[in-house]
Amino acid sequence: MSSSLDPSLDLSGKVAVVTGSGRGLGLAYARALAAHGASVVVNDVDEAVAGQAAQSLTEAGGTAVAEAVAVGTAEAADRLVARAVEEFGRLDVLVTNAGILRDRVLWKMTDDDFDAVVTTHLKGTFTCARAAAVRMREQGEGGSLILVGSPAGQRGNFGQTNYAAAKAGIAAMARTWSMELRRAGITVNAIVPVAATAMTETIPAFAPYVEAMRGGEPLPDLLRKGEGFGTPEDCAALVPFLASGAARDVTGQCIGIGGDKVALWSHPQEIRTAYADGGWSPEALAAAWHTSVGAEPQTVGVPAPKVPGA
């Protein structure tokens, strides 16, 4: 760890597990944690990818080991926690980043499409968080669960029934677990990253900018500020912050980050109400809807990028 770091952000002596950290956002999270002093268990379903990622952390001066396993089962979660304890003696931070996509519209989505995504994202988050919480509570020194959400889970997204449902569930779990684990000193937050990855580079409006970025050109402000869209490294700063003493009082939140932008997502709440003496009938609802509760219907979907040609 650099001596220039804020002491409250010093993660020396802390141990982190980052699922799905062989590449992309997960690797950026793992690197950021290692750069702030944490020892990291790098996870990927591909053993070679996990090994190369862990090696890149150690070559940069960090401490890391690889554990190749597909998240989703309790056995996989137990393996990851056990590896952290066997190698480094403890577990302080869990980042649940592992995920897959199986995008299809509702009437074409198969049971396998749905189950695979929900198993990896939602059940994988649950099983890993449960195993980590058990260990952290046994240690009695608190900890941090950092769950990875998505704008799709906050607003829905066309063709992503499985992914959006899983990410919405992750946000709900973060809020629930923040209450359940508060007495143990364990913070729980969901992050909502937006970055140039294999998942987002297929968006036509972003594609030319991502290609130019790979050629060495910086992303313009219309993306970095206007869309909150940048590199995986831009999103990574949130992870060591939430894992550190500087964020000891931050829990139960959904926090967006990307490019030059960081944002706090609101929790769902009632925005308009109406009352009828004795309760509502279908007729009364039909008569009142458009001038009362339904006067300003909520929008759905991730807003289209506001970039030229979008």
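Being a predicted model, the structure only gives us computed values, none of them experimental.

Draft legend 1. Representation of the sheet that holds strand 6 (residues 186–193) in the model. Reading across from one edge, 3-2-1-4-5-6-7-8 is the order of the eight strands in this open sheet, with mixed pairing throughout. Each edge of the sheet is formed by a strand with only one pairing partner; in this case those strands are strand 3 (63–68) and strand 8 (261–264). The sheet shows a mean angle of 20 degrees between the axes of neighbouring strands, direction not considered. On top of the sheet, helix 1 (residues 24–35) reaches strand 1 (15–19), strand 2 (39–44), strand 4 (93–96), strand 5 (143–148) and strand 6; it is set at about 170 degrees to strand 1, its chief contact. Strands in contact with helix 2 (residues 47–59) are strand 2 and strand 3; relative to strand 3, the strand with the most contacts, it is inclined by about 175 degrees.

Draft legend 2. Layout of helix 1. Here helix 1 spans 17 Å end to end across twelve residues, near enough to the 16 Å set by a 1.5 Å rise per residue. Here helix 1 lies mainly inside the structure; nine of its twelve residues are buried. Along helix 1, the positions that sit buried rather than exposed are L25, G26, L27, A28, Y29, A30, A32, L33 and A34. A positive backbone phi angle near 105 degrees is found at G37, which sits one or two residues after helix 1.

Draft legend 3. The state of the cysteines, seen in detail. Summed over the entire model, instances satisfying the criterion amount to zero disulfides. Between C128, a free cysteine, and C254, which holds the nearest cysteine sulfur, the sulfur-to-sulfur gap is 19 Å. Judged by relative accessible area, C128 falls into the buried class, the value being 3%. Sulfur of C235: no disulfide; nearest cysteine sulfur belongs to C254 and is 15 Å away.

Draft legend 4. Region of the structure containing the layout of surface pockets. The space that makes up the second largest pocket amounts to roughly 450 Å³. If you go around the second largest pocket, you meet 15 residues; those closest to its centre are Q154, R155, S266, P268 and Q298. Elements supplying a minimum of two residues to the lining of the second largest pocket: helix 5 (151–155) and helix 6 (161–180). Residues that form the lining of the second largest pocket fall into these classes: six nonpolar, seven polar and two charged.

Draft legend 5. View of the pairing of strand 1. Along strand 1, five of the five residues are buried, which leaves the element largely enclosed by surrounding structure. Here strand 1 shows no split at all, with V15, V17 and T19 on one side and A16 and V18 on the other all buried. Pairing of strand 1 with strand 2, which is carried by four bridges, proceeds in the parallel orientation. Counted as the bridge partner of V15 is S39 from strand 2. Crossover handedness for the path strand 1 to helix 1 to strand 2: right-handed. Judged from the four bridges that link them, strand 1 and strand 4 form a sheet pairing that is parallel. Counted as the bridge partner of T19 is T96 from strand 4.

About the criteria used
- Residues numbered from 1 in each chain as written.
- Predicted model: local features only at pLDDT ≥ 70, side-chain atom pairs only at ≥ 80, totals over all residues.
- Heavy atoms only, no water.
- Pairing = 2+ DSSP bridges.
- Helix = DSSP H or I, 4+ residues; strand = E, 2+ residues; numbered from the N terminus.
- Axes fitted to C-alpha atoms, helices over the stretch in contact; angles between N-to-C directions.
- Contact = heavy atoms within 4.5 Å.
- Expected span 1.5 Å × (residues − 1).
- Buried < 20%, exposed > 50% of the residue type's maximum accessible area, 1.4 Å probe, protein only.
- Disulfide = S-S within 2.5 Å.
- 1 Å grid on protein atoms, 1.4 Å probe; cavity = no way out; pocket = protein on both sides within 12 Å on 5 of 7 lines; lining within 4 Å.
- Points joined across faces, edges and corners; volume = space filled by probe spheres on them.
- Nonpolar A, V, L, I, M, F, W, Y, C, P; charged D, E, K, R; others polar.
- Right-handed = clockwise from strand over helix to strand, strands pointing away.

The analysis is restricted to geometry; functional conclusions fall outside its scope.
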